[in-house]
Amino acid sequence: MVEGIFDALSLIENGFDNAVAVAGTNWIAPELITGSSIKKVFMCFDGDGPGQKQGLMRAYALKDAGLEVRIVDLPDDQDPNEFLVSLAAEDFDKLLSKAAHPEVWEIDHLDTEVDEQEKIHALENLIHRAASMEPITRALVCKRMAKKLGLIDPKALAFTWV
């Protein structure tokens with residue numbers, strides 16, 4: 001799922017036949033997808049602020065509707081068309097293989113330069129979502145949040161067998 005028609009056309013031209021454009025920051029209602037055979041959605045929106053913000057909101061809405069969702073992270077604020085003009089389909093395939101769950105993507109894109117109150121505010125949604133996760137998933141998400149915020153020493157997160 002991409003923002004623009006040219007993004008979808010570039011993906012289709014490069015062998016990603018299931019690409020769909022949602023026309024900018026407009027929206028496809030989750031119920032249109034959940035009633036189909038689609039079970040997994042890759043969200044690949046432009047790297048600009050509005051694209052990322054809307055993409056994350058959409059990703060959560062689709063996940064809440066029962067779909068498996070991953071967010072593809074494009075480098076250097078590119079859109080999918082720009083990426084495929086300068087690189088190969090195999091490079092885009094690598095991005096798909098590294099696509100993150102919405103919670104992980106949101107943590108990884110948290111601005112750590114803001115003050116503590118702003119960090120807490122930014123994480124309120126994640127903390128609420130973590131509360132309803134399975135215990136192991138919740139622990140991993142909380143560990144990632146703590147590491148990103150510098151609340152624990154990353155070396156303390158290393159797991160070693162004795």
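Read on for an overview of the structure. If you're wondering where the values come from, they're calculated on a predicted model, not measured in any experiment. (Residues numbered from 1 in each chain as written. Predicted model: local features only at pLDDT ≥ 70, side-chain atom pairs only at ≥ 80, totals over all residues. Heavy atoms only, no water.)

**Quick notes on the overall build of the protein**
For step 1, the next point in the chain: Looking only at helices and strands, one finds eight helices and two strands in the protein.
For step 2, the next point in the chain: Going residue by residue from the N terminus, the α and β elements of the protein occur as α-α-β-α-β-α-α-α-α-α.
For step 3, the next point in the chain: Taking all 162 residues of the protein together, 38% fall into the buried category.
For step 4, the next point in the chain: Counting contacts in the protein only where the partners sit at least 6 residues apart, residues at least 24 apart contribute 62% of the total.
For step 5, the next point in the chain: For the protein, the exposed surface amounts to about 9,900 Å²; the carbon and sulfur share of it is 56%. (Helix = DSSP H or I, 4+ residues; strand = E, 2+ residues; numbered from the N terminus. Buried < 20%, exposed > 50% of the residue type's maximum accessible area, 1.4 Å probe, protein only. Contact = heavy atoms within 4.5 Å. Areas by Shrake-Rupley, 256 points an atom, 1.4 Å probe, with all protein chains shown as cover.)

**Quick notes on the pattern of salt bridges**
For step 1, the next point in the chain: Overall, the coordinates contain five salt bridges when judged by the stated rule.
For step 2, the next point in the chain: We note a salt bridge from Glu-103 to Lys-63, for which the minimum N-O separation is 2.6 Å. Note that Glu-103 is positioned in helix α6 (residues 102–108) and Lys-63 in helix α3 (residues 49–64), a separation of 40 residues in sequence.
For step 3, the next point in the chain: A residue is classified by how much of its surface remains accessible, and Lys-63, at 28% relative accessible area, is partly exposed.
For step 4, the next point in the chain: The closest approach of N and O atoms between Arg-70 and Glu-68, which form a salt bridge, is 2.8 Å.
For step 5, the next point in the chain: Taking relative accessible area as the criterion, Glu-68 reaches 34% and is therefore assigned partly exposed.
For step 6, the next point in the chain: A single salt-bridge network, built from bridges that share partners, covers Lys-40, Glu-68 and Arg-70. (Salt bridge = Lys/Arg side-chain N within 4 Å of Asp/Glu carboxyl O.)

**Concerning a nonpolar patch on the surface**
For step 1, the next point in the chain: On the surface, a nonpolar cluster with roughly 410 Å² of combined accessible area is contributed by Ile-5, Phe-6, Leu-9 and Ile-12.
For step 2, the next point in the chain: Looking at the secondary structure, you find Ile-5 in helix α1 (residues 5–13). (Patch = residues over 30% accessible without salt bridge, like charges linked within 9 Å, V, L, I, M, F, W, Y side chains within 5 Å.)

**Examining helix α8 (residues 135–149)**
The periodicity of an α-helix, 3.6 residues per turn, causes residues three or four places apart in sequence to face the same way.
For step 1, the next point in the chain: In a regular helix each residue adds 1.5 Å, so 15 residues correspond to 21 Å; α8 covers 21 Å between its end C-alpha atoms and thus fits that length.
For step 2, the next point in the chain: Every buried residue of α8 is accounted for by Val-141, Met-145, Ala-146 and Leu-149. Seen from one end, α8 has its buried residues packed into an arc of 135 degrees, which puts them on one side. Every exposed residue of α8 that faces more than 90 degrees away from the buried side is listed here: Ile-136 and Leu-140.
For step 3, the next point in the chain: Of the surrounding secondary structure, the elements contacted by the buried residues of α8 are α6 and α7 (116–131).
For step 4, the next point in the chain: Just downstream of α8, Gly-150 is the residue with a positive phi angle, here 70 degrees. (Expected span 1.5 Å × (residues − 1). Arc of directions from axis to C-beta.)

**Points about the pairing of strand β2 (residues 68–71)**
For step 1, the next point in the chain: For strand β1 (residues 40–43) and β2, the ladder comprises four bridges, and the chain directions are parallel. Bridging across to β2, Phe-42 finds its partner in Arg-70.
For step 2, the next point in the chain: Each parallel crossover has a hand, and the one from β1 via α3 to β2 is right-handed. (Pairing = 2+ DSSP bridges. Right-handed = clockwise from strand over helix to strand, strands pointing away.)

**Description of the packing of aromatic side chains**
For step 1, the next point in the chain: The full count for this structure, using the stated rule, is two aromatic pairs.
For step 2, the next point in the chain: A ring pair is formed by Phe-16 and Phe-92, whose centres lie 5.1 Å apart and whose planes are at 70 degrees; its orientation type is edge-to-face. Residue Phe-16 is found in the loop between α1 and α2 (30–34), and its partner Phe-92 is found in helix α5 (residues 89–97); the two are separated by 76 residues along the sequence. An identical accessibility class is assigned to Phe-16 and Phe-92; each is buried.
For step 3, the next point in the chain: Arranged with centres 6.0 Å apart and planes meeting at 65 degrees, the rings of Phe-83 and Phe-92 form a pair that is edge-to-face. A single burial state applies to Phe-83 and to Phe-92, both of which are buried.
For step 4, the next point in the chain: A network of ring pairs unites the aromatic residues Phe-16, Phe-83 and Phe-92 as a single cluster. (Phe/Tyr/Trp six-rings, centres within 6.5 Å; stacked < 30°, edge-to-face > 60°.)

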